[in-house]
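Tertiary structure, described
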Amino acid sequence: MSDAEKQDTPEQAEFRTHCQQWLAENHPGQPSVHIPQGALELSDPAALQWLKTWQQSAYDAGLIGTDYSKETGGRGLTGCQAIANQEMQKAKTPFFPNIIGLGMAAPTVYFHAQEAVKQELLPKLLSGEHIWCQGFSEPGAGSDLANQQTFAEKKGDTWVINGHKVWTSLAHFADWMILLCRTSKDDKYNGLSYFVVPIQSMIGKGVTVNPLIKLTGETGFNEVIFEDLVVEDKYRLDEVGAGWKVAMTTLAHERGAGLLTTPAAGGMVMEKEKGAGIGNAMSLIDLAKQSFRNGKTAADDGAIRDSIMELMIRQEGFRQNQRRIGVKELNDHPMRLPLQFKLVATEMSQDIAQLAYEIEGASSTLYVNDEKAVAGGQWQLAYMNSFGVTIAAGANEVQRNILGERVLNMPKSK
Amino acid sequence: MTQPKNFGFGEDETMLRDSARKFFADNCSADKIHSQVAHNYDIYRDIESIWDKNLWSQICELGWTAACVPEEAGGIGMPVVAAVALAEEAGKAAFPSPLISTFNATFALRACKSDAATKVLGDIATGTSATLAMTNQKGSWEAQDTDVTVTDGKLSGTAWFVQDAKKVERFVVSASTDKGVGLYVVDPSAAGVQIIADGIIDLTRDQAHIVFNNVEAIEVAAPGTGDKALAEALPAILCIISADIVGSGEWLLQTTTDYATVRVQFDHPLGFFQAVKHPLVNVMLAVDQTKSLVYNAACAIDNEPEQAERLARMAKSSASDMAVFSSSRSVQFHGGIGFTWECFIHIFFKRQMHNHVLYGDAKYQRAKLADMLMGKAA
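Conventions and cut-offs
Residues numbered from 1 in each chain as written. Chains lettered and ligands numbered in written order. Predicted model: local features only at pLDDT ≥ 70, side-chain atom pairs only at ≥ 80, totals over all residues. Core = buried A, V, L, I, M, F, W, Y, C linked by C-beta atoms within 7 Å. Buried ≥ 20, exposed ≤ 12 C-beta atoms within 10 Å, placed from the backbone. Helix = DSSP H or I, 4+ residues; strand = E, 2+ residues; numbered from the N terminus. Contact = placed C-beta atoms within 7 Å. Axes fitted to C-alpha atoms, helices over the stretch in contact; angles between N-to-C directions. Parallel < 35°, antiparallel > 145°, perpendicular 65-115°, else oblique. Left-handed = near helix turned anticlockwise from the far one by under 90°. Expected span 1.5 Å × (residues − 1). pLDDT = per-residue confidence, 0-100. Domains from an automatic or database assignment. Pairing = 2+ DSSP bridges.

**Points about the nonpolar core**
- Among the nonpolar cores identified, the biggest contains 161 residues, and Val-84, Val-173 and Cys-239 of chain B are the most heavily contacted of them.
- In terms of residue count, helix H7 (residues 226–262) of chain B provides more of this core than any other element does, 18 residues in total.
- When residues no more than four places from it in sequence are discounted, the contact partners of Cys-239 of chain B are Val-80, Val-84, Val-294, Ala-297, Ala-298, Ala-312 and Ala-315 of chain B.
- Listed in part, the 70 residues of the second largest apolar core include Trp-22, Cys-80, Leu-125 and Leu-179 of chain A.

**Considerations on the interface of chain A and chain B**
- Each side of the interface is counted separately: chain A has 36 residues, and chain B has 38 residues.
- Looking at the side of chain A that touches chain B, the element that brings in the most residues is helix H9 (residues 302–325) of chain A, giving 13 residues.

**Things to note about the environment of Gln-354 of chain A**
All names here are of chain A.
- Inspection of the secondary structure assignment puts Gln-354 in helix H10 (residues 341–359).
- A tally of 16 C-beta atoms within 10 Å means that Gln-354 is categorised as partly exposed.
- Spatially, the C-alpha atom of Gln-354 lies 30 Å from that of Gly-258, the residues being 96 residues apart in sequence.

**Considering the packing of helix H5 (residues 99–112) of chain A against helix H6 (residues 115–127) of chain A**
Residues and elements named next belong to chain A.
- Relative to each other, H5 and H6 sit at 165°, their axes nearing to 10 Å. Taken together, the axes of H5 and H6 are roughly antiparallel relative to one another. For the element pair H5 and H6, the recorded crossing hand is left-handed. Facing H5, whose interface residues are Gly-101, Ala-105, Ala-106, Val-109 and Tyr-110, H6 presents Lys-118, Leu-121, Leu-122, Leu-125 and Leu-126.

**Notes on H10 of chain A**
- The end-to-end C-alpha separation of H10 of chain A is 27 Å, in line with the 27 Å expected for 19 residues at 1.5 Å each.
- Buried residues along H10 of chain A sit in contact with helix H8 (283–290), strand E9 (292–293), H9, helix H11 (378–391) and helix H12 (396–407) of chain A together with helix H8 (274–303) of chain B.
- At the exit of H10 of chain A stands Gly-361 of chain A, carrying a positive phi of roughly 60°.

**Details of the confidence of the model for chain B**
- Averaged over all residues, the pLDDT of chain B equals 97, while 100% of them reach at least 70.
- Taken together, the chains of this predicted complex give a pTM of 0.90 and an interface ipTM of 0.96.

**Digging into the domain arrangement of chain A**
Residue and element names in this part refer to chain A.
- For chain A, the assigned domains are domain 1 (3–131), domain 2 (133–254) and domain 3 (271–407).
- Computed from C-alpha coordinates alone, the two centres of domain 1 and domain 2 are separated by 25 Å.
- Taken residue by residue, the interface counts 20 residues in domain 1 and 22 residues in domain 2.
- Within the residue set of the side of domain 1 that touches domain 2, elements represented by two or more residues are H5 and H6.
- The greatest single-element share of the side of domain 1 that touches domain 2, amounting to 9 residues, is contributed by H5.

**Re unusual backbone geometry**
All names here are of chain B.
- One non-glycine residue, Asp-152, lies in positive phi territory at about 50°.
- Assignment of secondary structure puts Asp-152 in the loop between strand E2 (148–151) and strand E3 (154–163).
- Not every positive phi belongs to a glycine, and Tyr-359 is a case in point at roughly 60°.
- One can find Tyr-359 in the loop between helix H10 (345–357) and helix H11 (362–374).

**Details of helix H5 (residues 99–112) of chain B**
Residue and element names in this part refer to chain B.
- Along its 14 residues, H5 runs 20 Å from first to last C-alpha, staying within 8% of the 20 Å computed at 1.5 Å per residue.
- Taking burial as the measure, the 14 residues of H5 include 14 buried ones, the bulk of the element.
- Trailing H5 by a residue or two, Lys-113 shows a phi angle of about 50°, which is positive.

**Remarks on the pairing of strand E5 (residues 180–186) of chain B**
Residue and element names in this part refer to chain B.
- The buried count for E5 comes to 6 of 7 residues, which makes it a mostly enclosed element.
- Both strand E4 (residues 170–177) and E5 contribute to a ladder of 7 bridges, which runs antiparallel. In the sheet register, Ser-174 faces E5, and the bridge partner there is Leu-183.
- As consecutive antiparallel partners, E4 and E5 are separated by 2 residues.
- Bridge analysis of E5 against strand E8 (residues 218–221) gives 3 bridges, and the strand direction is antiparallel. Bridge pairing in E8 places Tyr-184 opposite Glu-219.

**Focus on the domain arrangement of chain B**
All names here are of chain B.
- When cut into domains, chain B gives domain 1 (11–129), domain 2 (132–224) and domain 3 (227–374).
- Summarising the inter-unit geometry, the C-alpha centres of domain 1 and domain 3 are found 20 Å apart.
- Listed by contribution, the elements that provide at least two residues to the side of domain 1 that touches domain 3 are helix H2 (30–37), helix H4 (80–92) and H5.
- Looking at the side of domain 1 that touches domain 3, the element that brings in the most residues is H4, giving 10 residues.

**A closer look at the packing of H4 of chain B against H5 of chain B**
Residues and elements named next belong to chain B.
- Axis separation between H4 and H5 bottoms out at 10 Å; the angle between their running directions is 160°. In this view, H4 runs roughly antiparallel relative to H5, as classed from their interaxial angle. Crossing of H4 over H5 shows left-handed handedness. Together, Ala-83, Leu-86, Ala-87 and Ala-90 of H4 and Leu-99, Ile-100 and Phe-103 of H5 make up the contact between the two elements.

If you want it as structure tokens, here you go:
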């Protein structure tokens, strides 16, 4: 029995057994199409469809939205989503394609939308029938998120939206978007409001989605242009002018510090990339044993050995920090560890991928389009993609400001 | 075996930690420690061991030395995290005492599993202090390396880098025979013992090399078993030192962020500037990573001992790096005042410099880990 299992309540233990049994019989197995490293890299409609089928089946089995109320499409349980996540990851399932919907839109809608809107939107979000994207960043509002220029103007009972969103992952597949925009030019923070808006159904009717190509060569994110998009007032979340407060709910969940546990599956490895263990410092040991640097086995290089151990220690420290969050007596400040999550996780992944790159020596020049590339070139790809997450969700420089100000009580930086 | 979710911090352990926190807040403010140990700035001053024996007696009465002595030896039998919690609070106060050394000796004696060792543990539980004398002149932290030998049951040779040697009432000495290394308990006042104090940087400790000349000793681990006992105790020792580093690191972090909030330059408090703010956040990340690793390793000793050495070496590697980082940033961000003798920072700075190398620095721990996890390099 694992550590987590010992702590289960009877309800949770029963639910865990259900998850284990269902997963044993319903793991979708190796996919018929190529699945990228994460949902944000999805560009092939066939891959999306395969993953949507998986998400729908996991939802139907009750492994998604477990802690949401029954009225909003959940199971009405307590503390069970974390159990489903543990079991799915133990079973090395595919990830869920509706990652922004599950991780950011769902909790925001749950905490801030009208009851009828929750009941309308959440079941299809949780099942993956509807894919969601996030309309926060703009050309002039990146780290300075409150500098929103997209404007929603009230006309009668509806809102008319004009503006330009960028770096919008999954917008090319998205049915819905969570949208932060300006409703007043008088106040930077209190002039913001928050909406959910339809995308797919309104393309050509006020919505344009153009793909942006990432430095890796992959698609996955987009720019979204609004020209007189008309949105019903019921799709406004919380009060007019309360957009910043609502956005904080989204960001808290995005950074792993929210009240609801995000449904998260994953761990499946494509046959061709087996053994790569992207993102795990432990896998650097095997990589070093198989790789040559400067004509010698990388695993015999003292500097490489030291660096691998350093990252394995960071990884263990990160895991133990997550464990310590759950022990109230060992946290003098309740937000000190939760607010570190995004910063530490993303820099660690970046450094692991960078070290993998060093370990590969001359072979690190090879990319995914070369048969000889170690582990299908996935470490190289992971290193380049790692900048997506050190920049997104508030660049890590902003995260350091937040920690310095909210936890260490230092004065606010401009 | 698996670990409890709360790292073994039950009600008793938390209560003990909170009482230690209060004890140090009441008795060991930084200015008090400073006026006590830093009264003489002369760089060539005479070597002295400064500490408050009265406070030590109070601690012994509170039962701290008994915390991790097994019940059958007359102690309380608490898990390793209890000692870790106390060491962390002692580090936060830069407390000059033989507490850390006595804990280390306690875990070595526990690993001996002999009647003679149990008897010494009983003395520790009632307040007898002790330290390990296990390092050779070349500064090896390996359990089998010692410059002390045993002939006809008597010790000869020199033990080096012995912590708190001038304070303690017992030495636990590793010594070699032709049948391997054994462990021996020696009274500092025994005939033939000469304690030669080292001049050290850390003002809150003393250190010495101890010359043994045909000294009577009590055998607590027979030849051939002493190095194994030390190896078994090593994870706990690494956790105790690392916990001291965590406590000192937290003090340095809080003191420096407080200073960055009040000291104004260019019309702003220092913490307004990201060149100061961001590295201090990095210090916090390093402290938290180390703290969680230490609790995890300490918990493993009691619950999954087969993982203990790996996890404790991880903790000490993280701690040693953080010791240097937290103290260097603290001096730097205090600016000119941080570079002076009158500022309290140097007390903790020097304790961290000393701590970082005890029982092996970060690079040493990682080299040992790499050998464990990757096999030896060709």
